[in-house]
Amino acid sequence: MAPTPIETKAMLHDLPTPEPESPFPRSRKPYRFSTLCATVDNPDMKDQYGSSSVPIYQTATFKGVGNEYDYTRSGNPTRTHLQHHIAKISSAAHAFTVSSGMAALDVILRLLKPGDEVIAGDDLYGGTNRLLSYIRKHVGVIVHHIDTTNPENLHSYVHPTKTAMVLLESPTNPLLKIVDLATISKDVKEIAPGALIVVDNTMMSPYLQRPLEHGADIVYDSATKYLSGHHDLMAGVVTCNREDVAKQIAFTINSVGNALTPIDSFLLLRGIKTLALRMDRQEATAQLVAEYLWNLGFHVNYPGLPDHPQRDVHLRIADGNGAVLSFETGNKELSERIVAATRLWGISVSFGAVNSLISMPCVMSHASIDAATRAARGLPEDLIRLCVGIEDPQDLVSDLEHALVEAGAVELNAAQNKYVRVPDPDALSRAVHDLDLDSGKQELEWLVSAPGKVILFGEHAVVHGVTAIAASVDLRCYGLTSPRTDDKLSVHFTDIDNFYHEWDVQSLPWDSVTPVPVGGEHPEELDQRLIDALSSTTLAELGEEKNAARAASLAFLYLYMILAKGDRRPALNFTARSTLPVGAGLGSSASFSTCGAAAMLLVHRRISIPPSPPSTVTHTHHEGRRAIPHDIAEEANRWAFVAEKILHGNPSGVDNSVSVFGGALGYTRAGFGRDGGMEGIQGFKSLRFLLTNSKVPRDTKKLVAGVGEKKANEPELVNGILKSIQGISDEARRALADPELPRDALISALNTLIKENHDYLVTLGVSHPALETIRETTQTPFGLYTKLTGAGGGGCAVTLIPDDFKDGDLQTLIDGLIRQGFEPYLTSVGGSGLGILSPFPEHRTQGSDPHRSRQEAGQVTPPETPNPEIAEGYEKQSEFNPLRPSFEASVTTDLPQWAASLGRWLYV
């Protein structure tokens, strides 16, 4: 049976003990921890005057040559005393003190090099997440965030040579999860002997836990917290036993100059003397507060409670439960009222001081983690964190009780003569809601859509550093995931020769995938091992005649596998259909990538739909616009870009960004003396355009190469054209974003810019006779202005349709273009981006299938099923009729109306 924290704490610690100066040879027993804390004695540094307190050597330099100290950045006697003392109480051979806990982590992360892989927990301090994200983006380090509470979760991520570091916290902050430091250290070392096990021990301090004793290589603390204990200084501590690691850390600290100052070293040394005394009081009160809240019925996270899921592990590796706990109220607004109503509990970030603190991590210490990632990692928005100080325990409980009463969380029950928790009237509906959307027993159908794009100005010139103006078009790709019950994965791409194929989920090359953890970002480079495995096995039977279907399947399977969480591999079918002409330069590929990415994020529960507003709330009807939060859109865009990389190799990111965010943006390629990047055009006003597909195939690479060759041969001419096109793009961006520009003036300005831009593109040699025919047809007699879009040489032309253009004339124009063999599409430009059909019952059309296809009127014989596999292995979704049969049977031109009839859509 594991010893209790109290029993363990009373044991002797086999730590270095200063021998007393005594004539008697009798050796003494090792001192206990609290004695070690209070006894600051370094045998190698005796004070010349015998001072009972370590002096503050408040100096920058030291006189002399070749002495132990010369410059305080490199060493200072006060800091040396402190580091010796910390090593003594931490079971460490080496200790270093720096300017903050984050500075300590920064020093440690500098041991990494580009290409190294780090495995980190998914419930870390917000600042840790922020720094890990920085090194992932700017240093080229790969970071895997996983649930480290189960040591087996790490096995699939540990690589013998690539894994350089494993970063752990136990207990975690703020959910108080327990990590088995000893088991993980052992398991990782067996697979990757060179990996460093790093532990953030701030929540425990050396008094309650010494990770070096459990196999850790490096331990760091924010000494601002318990070691100091008074929140009157900032400091960080790094300890280790390995000589080679100590040398690298010492070199980094001396090089960057973030070592702790002499005055802060003195204050920290003073604070450590009372560490054991403070922690005993704080821990005892924390246990009292945790039990009080637990008895009221709140969900409390604290390892000292009997129902903590990893309590037995914690008892094995720690000497106590700490003084931080957290609890959930079930309602964010209620939590905010509780926090605001406290008096003794100070509202503040941080912990570990003699004064008690209260906070809501999701809006304070962990606010830097986006909402979608917090939700995916199970961090409740209503969570309250309590950091217990040394005040009188009864005063703290009383103050908390008054806050609970004032906030309406508890009330006096006269019959029981005690306070009881007030039932949450919305708890049942939320529980049912969560069951519907998150139950592992039932999968939902997810219907998503994404628009195509049109380049309004700057095509071709964009390759040479000129800004291009791109906007979304209201012709969309639709993607539908439907659950299956036969452990199969299937795709149906109706626009690619009605391609259908299926695979056994378990037969996919799972041993070749490196999963990206929830909240993590895909590395800069694609996972070539997974691509090769899919190409050589899963997709090997698809021949060259199916190259387009093969590429689309590869993108889908790559996303499905790399986004899968653990062993959860749902069986499903993914059907993609488009009202966009495929291959016409209107972003059909990007809209497919956006649909596939959003669908897989939903299926694998990496993003969540915002909750339905309470029925009591009256608000303006926005038709779903801006209902999808920006952080979810960003996540979808990142993964859509990954799919575009698979399909195109080196995309600019413009097409998928327009497809996700909608509206319009300006894109400038970096490297031509201008700032590169994308910038949204705020206030863009939706415009009507006629998109006409010439149906002439394009050779984009050849066209781009032709412009490059012309530039080399006629640099003065081409550079002048590029400069003029840049002026057109700049003027168009100003006009589109000007809220005070009258509508008729905007249309007139755009017509002029369209004509000028097209004339320049003709001079560059990228037009085509078919495009010129379309242009002449719209100009005479209708007076409309048309230009090519995209690469030119075929593809599409865009024609601006003024608001007052007569419907009869428009129909005549469309009929004339059709007679000439072209395909015109009337659409709006600049509308919404990614759309998701709301899964909430109150948003959906109930009852029978709302769509009746044209064939059903007066029909006696059942229609032929487009694919006999549709019904096989299909799981019916409760609440609604299955969408897949009608989705696949609908006429393409009816898709927008059919999708709209299903209920409310949520858009970016």
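So, here is what we can say about the structure in this document. Since the model is a prediction, treat every value here as computed from it, not as a measurement.

Each value, and the rule that gives it
- Residues numbered from 1 in each chain as written.
- Predicted model: local features only at pLDDT ≥ 70, side-chain atom pairs only at ≥ 80, totals over all residues.
- Heavy atoms only, no water.
- Helix = DSSP H or I, 4+ residues; strand = E, 2+ residues; numbered from the N terminus.
- Buried < 20%, exposed > 50% of the residue type's maximum accessible area, 1.4 Å probe, protein only.
- Contact = heavy atoms within 4.5 Å.
- Areas by Shrake-Rupley, 256 points an atom, 1.4 Å probe, with all protein chains shown as cover.
- Arc of directions from axis to C-beta.
- Polar contact = N/O pair within 3.5 Å; in protein donor to acceptor, adjacent residues only side chain to side chain.
- Pairing = 2+ DSSP bridges.
- Axes fitted to C-alpha atoms, helices over the stretch in contact; angles between N-to-C directions.
- Salt bridge = Lys/Arg side-chain N within 4 Å of Asp/Glu carboxyl O.
- Left-handed = near helix turned anticlockwise from the far one by under 90°.
- Nonpolar A, V, L, I, M, F, W, Y, C, P; charged D, E, K, R; others polar.
- Expected span 1.5 Å × (residues − 1).
- Phe/Tyr/Trp six-rings, centres within 6.5 Å; stacked < 30°, edge-to-face > 60°.
- Core = buried A, V, L, I, M, F, W, Y, C linked by side-chain atoms within 4.5 Å.
- Patch = residues over 30% accessible without salt bridge, like charges linked within 9 Å, V, L, I, M, F, W, Y side chains within 5 Å.

**Focus: the overall build of the chain**
Alright, step 1. Within the chain one finds 27 helices and 27 strands.
Alright, step 2. In the chain, buried positions account for 55% of the 908 residues.
Alright, step 3. Long-range pairs, those at least 24 residues apart, make up 74% of the contacts in the chain between residues at least 6 apart in sequence.
Alright, step 4. For the chain, the exposed surface amounts to about 39000 Å²; the carbon and sulfur share of it is 52%.

**Examining helix 12 (residues 332-341)**
Alright, step 1. If you check which residues of helix 12 are buried, you get Leu334, Ser335, Ile338, Val339 and Ala341. Down the axis of helix 12, the smallest arc covering the buried residues is 170°, so these residues share one side.
Alright, step 2. Tucked into the core, helix 12 has its buried residues touching strand 10 (346-347), strand 11 (357-359), strand 12 (384-387) and helix 14 (393-407).
Alright, step 3. The backbone nitrogen of Glu333 has a side-chain oxygen 2.9 Å away, supplied by the residue at the start of helix 12, namely Asn331.

**Here's the deal with the sheet that holds strand 7 (residues 236-240)**
Alright, step 1. Read from one edge of the open sheet, 7 strands run 1-7-6-5-4-2-3, paired in mixed fashion. Whereas interior strands pair on both sides, the edge strands pair on one side only; in this sheet they are strand 1 (94-98) and strand 3 (142-146). Sheet twist, expressed as the average angle between the axes of neighbouring strands with direction ignored, equals 20°.
Alright, step 2. Direction of pairing for strand 4 (residues 163-169) relative to strand 5 (residues 196-200): parallel, over a ladder of 5 bridges. Looking across to strand 5, one finds that Glu169 is bridged to Asp200.
Alright, step 3. Packed on one face of the sheet, helix 6 (residues 181-191) meets strand 4 and strand 5 and runs near 160° to strand 5.

**Regarding the pattern of salt bridges**
Alright, step 1. Applying the stated criterion across every chain yields a total of 28 salt bridges.
Alright, step 2. Between Lys186 and Glu190 there is a salt bridge, with the nearest N and O atoms lying 3.0 Å from each other. One end of the pair is Lys186 and the other is Glu190, both in helix 6 and 4 residues apart, which spans about a single turn.
Alright, step 3. Between Asp759 and Arg775 there is a salt bridge, with its nearest N and O atoms 3.0 Å apart.

**Some details on the side chain of Ser326**
Alright, step 1. With respect to the helices, strands and loops of the structure, Ser326 is situated in strand 9 (residues 324-328).
Alright, step 2. When its relative accessible area of 0% is taken as the criterion, Ser326 is described as buried.
Alright, step 3. Reaching out from Ser326, the side chain makes a polar contact with the backbone oxygen of Pro174 at a distance of 2.8 Å.
Alright, step 4. Those residues in contact with Ser326 that lie beyond four places of it in its chain are Pro174, Leu175, Leu176, His299, Val300, Asn301, Leu383, Ile384 and Arg385.

**Topic: the packing of helix 3 (residues 77-89) against helix 9 (residues 262-272)**
Alright, step 1. Running from N to C, helix 3 and helix 9 point in directions that differ by 35°, and their axes come no closer than 8 Å. In this structure, helix 3 crosses over helix 9, and the sense of that crossing is left-handed. On the side of helix 3, the interface is formed by Thr78, Arg79, His81, Leu82, His85, Ile86 and Ile89, while helix 9 contributes Pro262, Ser265, Phe266, Leu268, Leu269 and Ile272.
Alright, step 2. Of the residues belonging to the contact of helix 3 with helix 9, the class tally is 8 nonpolar, 4 polar and 1 charged.

**Comments concerning the pairing of strand 19 (residues 572-578)**
Residues in a regular strand point their side chains to alternate faces of the sheet.
Alright, step 1. A large share of strand 19 lies buried, amounting to 7 of its 7 residues.
Alright, step 2. Along strand 19, one buried face is formed by Leu572, Phe574, Ala576 and Ser578 and the opposite face, lined by Asn573, Thr575 and Arg577, is buried too.
Alright, step 3. The pairing of strand 16 (residues 468-483) with strand 19 spans 7 bridges and is classified as antiparallel. Residue pairing across strands places Leu480 opposite Thr575, the latter belonging to strand 19.
Alright, step 4. Note that strand 17 (residues 488-493) and strand 19 share 5 bridges and pair parallel. The residue of strand 19 that forms the bridge with Leu489 is Leu572.

**As for the sheet that holds strand 9**
Alright, step 1. Read from one edge to the other, the open sheet built from 5 strands follows the order 8-9-12-11-10, with strand pairing classed as mixed. The sheet is open, and its two edges are formed by strand 8 (299-301) and strand 10, each paired on a single side.
Alright, step 2. Contacts between helix 10 (residues 275-296) and the sheet are confined to strand 8, strand 9 and strand 12, with strand 9 contributing the most and set at about 10° to the helix.

**Let's talk about the pairing of strand 16**
Alright, step 1. Of all 16 residues in strand 16, 15 are buried; the element is thus mostly enclosed.
Alright, step 2. In terms of strand pairing, strand 15 (residues 446-457) meets strand 16 through 11 bridges, oriented antiparallel. Each bridged residue has a counterpart across the sheet, and for Ile455 the counterpart in strand 16 is Ala470.
Alright, step 3. Relative to strand 20 (residues 664-668), strand 16 runs antiparallel, the two being bridged by 4 bridges.

**Focus on helix 25 (residues 807-819)**
Alright, step 1. In this model helix 25 runs 18 Å from its N-terminal to its C-terminal C-alpha over 13 residues, within 8% of the 18 Å that 1.5 Å per residue would give.
Alright, step 2. For helix 25, the complete set of buried residues consists of Leu810, Leu813, Ile814, Gly816 and Leu817. Considered in projection along helix 25, the buried side chains sweep an arc of 160° and stay on one side of the axis. More than 90 degrees from the buried face of helix 25, the exposed residues found are Asp807 and Arg819.
Alright, step 3. At the exit of helix 25 stands Gly821, carrying a positive phi of roughly 90°.

**A few points about the packing of aromatic side chains**
Alright, step 1. Scanning the entire structure with this criterion turns up 14 aromatic pairs.
Alright, step 2. Plain terms: the ring middles of Phe62 and Tyr69 are 5.7 Å apart, the flat faces sit at 40° to each other, and that makes the pair tilted. In this structure, Phe62 and Tyr69 share a single accessibility class: buried.
Alright, step 3. Here the aromatic cluster, defined as three or more aromatic residues joined through ring pairs, consists of Phe493, Phe499, Trp510, Phe556, Tyr560, Phe574 and Phe592.

**Some thoughts on the environment of Glu213**
Alright, step 1. Topologically, Glu213 is positioned in the loop between helix 7 (205-208) and strand 6 (218-222).
Alright, step 2. Separated by 121 residues in the primary sequence, Glu213 and Ala92 have C-alpha atoms spaced 8.9 Å apart.

**Things to note about unusual backbone geometry**
Alright, step 1. Residue Pro174 is reached from Asn173 by a cis peptide bond, and omega for that bond is 15°.
Alright, step 2. On the secondary structure map, Pro174 appears in the loop between strand 4 and helix 6.
Alright, step 3. For the peptide bond that leads from Thr780 to Pro781, omega is 10°, which places it in the cis range.
Alright, step 4. Among the secondary structure elements, Pro781 is positioned in the loop between helix 24 (769-779) and strand 23 (786-788).
Alright, step 5. Backbone geometry places Asn498, a non-glycine residue, at a positive phi of 50°.
Alright, step 6. Tracing the chain through its elements places Asn498 in the loop between strand 17 and strand 18 (499-504).
Alright, step 7. Not every positive phi belongs to a glycine, and Lys695 is a case in point at roughly 65°.
Alright, step 8. Along the chain, Lys695 falls in the loop between strand 22 (687-693) and helix 21 (700-713).

**Brief notes about the nonpolar core**
Alright, step 1. Grouped together as the largest cluster of nonpolar side chains are 85 residues, with contacts concentrated most on Leu268, Leu293, Phe298, Val300, Leu325, Leu386 and Leu404.
Alright, step 2. For this core, the leading source of residues is helix 10, giving 9 residues.
Alright, step 3. Apart from the residues lying within four places of it in its own chain, the contact partners of Val300 are Ala290, Leu293, Trp294, Leu305, Leu325, Ser326 and Phe327.
Alright, step 4. Counting residues in hydrophobic clusters, the runner-up holds 63 residues, among them Leu559, Phe574, Ala633 and Val660.

**A look at a nonpolar patch on the surface**
Alright, step 1. Residues Val405, Leu412 and Tyr419 make up a contiguous nonpolar surface patch of about 240 Å² in total accessible area.
Alright, step 2. Checked against the element boundaries, Val405 lands in helix 14.

**Here's the deal with the side chain of His522**
Alright, step 1. Its location among the elements puts His522 in the loop between strand 18 and helix 16 (528-538).
Alright, step 2. Overall, the relative accessible area of 15% leaves His522 in the buried class.
Alright, step 3. For His522, the side chain forms a polar contact with the side chain of Tyr558, separated by 2.7 Å.
Alright, step 4. Setting aside residues no more than four positions away along its own chain, His522 makes contact with Val516, Asp527, Tyr558, Ile562, Trp639 and Val642.

All we've got here are geometric facts, nothing functional implied.
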